[in-house]
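Working through the structure, step by step
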Amino acid sequence: MTVTHIFHSGFLVELEHTLLLFDYYKGDLPTLSPTKKLYVFVSHKHFDHCSPAIWELTHPNIEYVVFKDVPTKGNGQVLKVSPHETYTLNDLTITTLGSTDEGCAFVVTAEEKTFYHAGDLNWWHWEGEPEEDNLWQDTVFHQELARIEGQHFNCAFLPLDPRLQVTAPWGFLAFLKACTYDKVFPMHYENNKAA
């Protein structure tokens with residue numbers, strides 16, 4: 001298994017027979033093996049999680065898994081998803097969570113490995129925002145996290161947004177306590193490099 005961070009929240013996971021491309025926004029894509037099935041995931045339509053370029057990808061075996069309100073084009077098969085559902089797509093199992101912003105988060109099982117991509121599901125606590133807004137974020141984030149509590153993930157991709165300053169790691173740390181994992185990758189920090 002190879003994991004490549006592309007930019008911001010965009011990651012490519014390469015398995016023996018499968019490619020999983022999550023929330024591609026911009027940056028240089030690695031070579032996409034034409035002999036492997038390519039699945040392109042879009043958690044929501046914000047510009048920093050969804051690029052129109054995904055519809056121009058040239059690959060002989062491509063399918064898209066996109067949140068239901070993401071505009072689509074005709075390149076490849078498209079599965080539109082909603083929160084709190086489970087889907088079977090070829091050899092993949094995809095379960096969706098809700099979001100504390102827009103769209104959904106993805107739990108994807110492929111080739112006996114399980115991946116979590118949070119999209120914009122995070123504990124967004126903004127200093128200076130109304131207390132009721134921050135309380136809503138706290139409540140909804142923990143409700144969604146409870147849906148995967150105790151699960152094991154081979155890889156998890158989680159927001160660690162520096163704009164939140166002191167509260168930036170809250171959601172990240174909550175996930176680390178709730179779930180088990182082999183590897184965890186921070187995201188949502190544009191072109192800053194992971195440590």
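First, a word on scope: everything that follows refers to the structure included in this document. Keep in mind it's a predicted model, so treat the numbers as computed, not measured.

To continue, consider the overall build of the protein chain. Helix and strand counts for the protein chain come out as 2 helices and 12 strands. Dimensions of the protein chain, computed from C-alpha atoms along their principal axes, come out at roughly 50 × 35 × 30 Å. Here the protein chain holds 195 residues, and 51% of them are scored as buried. Put simply, 50% of the contacts in the protein chain that link residues at least 6 apart link residues at least 24 apart. About 9400 Å² of surface is accessible on the protein chain, with carbon and sulfur atoms providing 49% of the total. Averaging the coordinates of the 13 positive side-chain charges in the protein chain and doing the same for the 26 negative ones gives two points 5 Å apart.

Within strand β11 (residues 152-159), 7 of the 8 residues are buried, which leaves it mostly tucked inside the rest of the structure. Both strand β10 (residues 113-117) and β11 contribute to a ladder of 3 bridges, which runs parallel. Across the sheet, the residue bridging to histidine 117 is phenylalanine 157, located in β11. Each parallel crossover has a hand, and the one from β10 via helix α1 (residues 131-146) to β11 is right-handed. Of the strand pairs in this sheet, β11 and strand β12 (residues 180-187) are connected by 7 bridges, and their pairing is parallel. Residue pairing across strands places histidine 152 opposite threonine 180, the latter belonging to β12. With helix α2 (residues 170-178) bridging β11 and its parallel neighbour β12, the resulting β-α-β unit is right-handed.

On to the sheet that holds strand β4 (residues 37-42), then. By definition, the strands of a sheet pair up through backbone hydrogen bonds, in either a parallel or an antiparallel sense. Taken in spatial order, the 6 strands of this open sheet run β1-β2-β3-β4-β5-β6, and their pairing is mixed. The sheet terminates laterally at β1 (2-7) and β6 (77-81), the two strands that pair on one side only. The sheet shows a mean angle of 15° between the axes of neighbouring strands, taken without regard to direction. Where strand β2 (residues 10-14) meets strand β3 (residues 18-22), 4 bridges bridge the pair, whose relative direction is antiparallel. Its bridge partner being in β3, glutamate 14 is matched across the sheet by leucine 19.

We now examine the packing of aromatic side chains. In the structure shown here, the tally under the stated rule is 15 aromatic pairs. Measuring from ring centre to ring centre gives 4.4 Å for phenylalanine 11 and phenylalanine 157, while their planes differ by 35°; the resulting arrangement is tilted. Here the residue phenylalanine 11 occupies a position in strand β2, and phenylalanine 157 occupies one in strand β11, the gap between them amounting to 146 residues. Overall, the relative accessible area of 0% leaves phenylalanine 157 in the buried class. Relative to phenylalanine 41, the ring of phenylalanine 22 lies with its centre 4.8 Å away and its plane at 20°, an arrangement referred to as stacked. Of the two residues, phenylalanine 22 is situated in strand β3 and phenylalanine 41 in strand β4; the sequence distance between them amounts to 19 residues. The exposure classification of phenylalanine 22 matches that of phenylalanine 41, with both residues buried. A network of ring pairs unites the aromatic residues Phe11, Phe22, Phe41, Phe106, Phe157 and Phe185 as a single cluster.

The rules behind these values
Residues numbered from 1 in each chain as written. Predicted model: local features only at pLDDT ≥ 70, side-chain atom pairs only at ≥ 80, totals over all residues. Heavy atoms only, no water. Helix = DSSP H or I, 4+ residues; strand = E, 2+ residues; numbered from the N terminus. Buried < 20%, exposed > 50% of the residue type's maximum accessible area, 1.4 Å probe, protein only. Contact = heavy atoms within 4.5 Å. Areas by Shrake-Rupley, 256 points an atom, 1.4 Å probe, with all protein chains shown as cover. Lys, Arg positive; Asp, Glu negative; His and termini not counted. Charge placed at Lys NZ, Arg CZ, Asp CG, Glu CD. Pairing = 2+ DSSP bridges. Right-handed = clockwise from strand over helix to strand, strands pointing away. Axes fitted to C-alpha atoms, helices over the stretch in contact; angles between N-to-C directions. Phe/Tyr/Trp six-rings, centres within 6.5 Å; stacked < 30°, edge-to-face > 60°.

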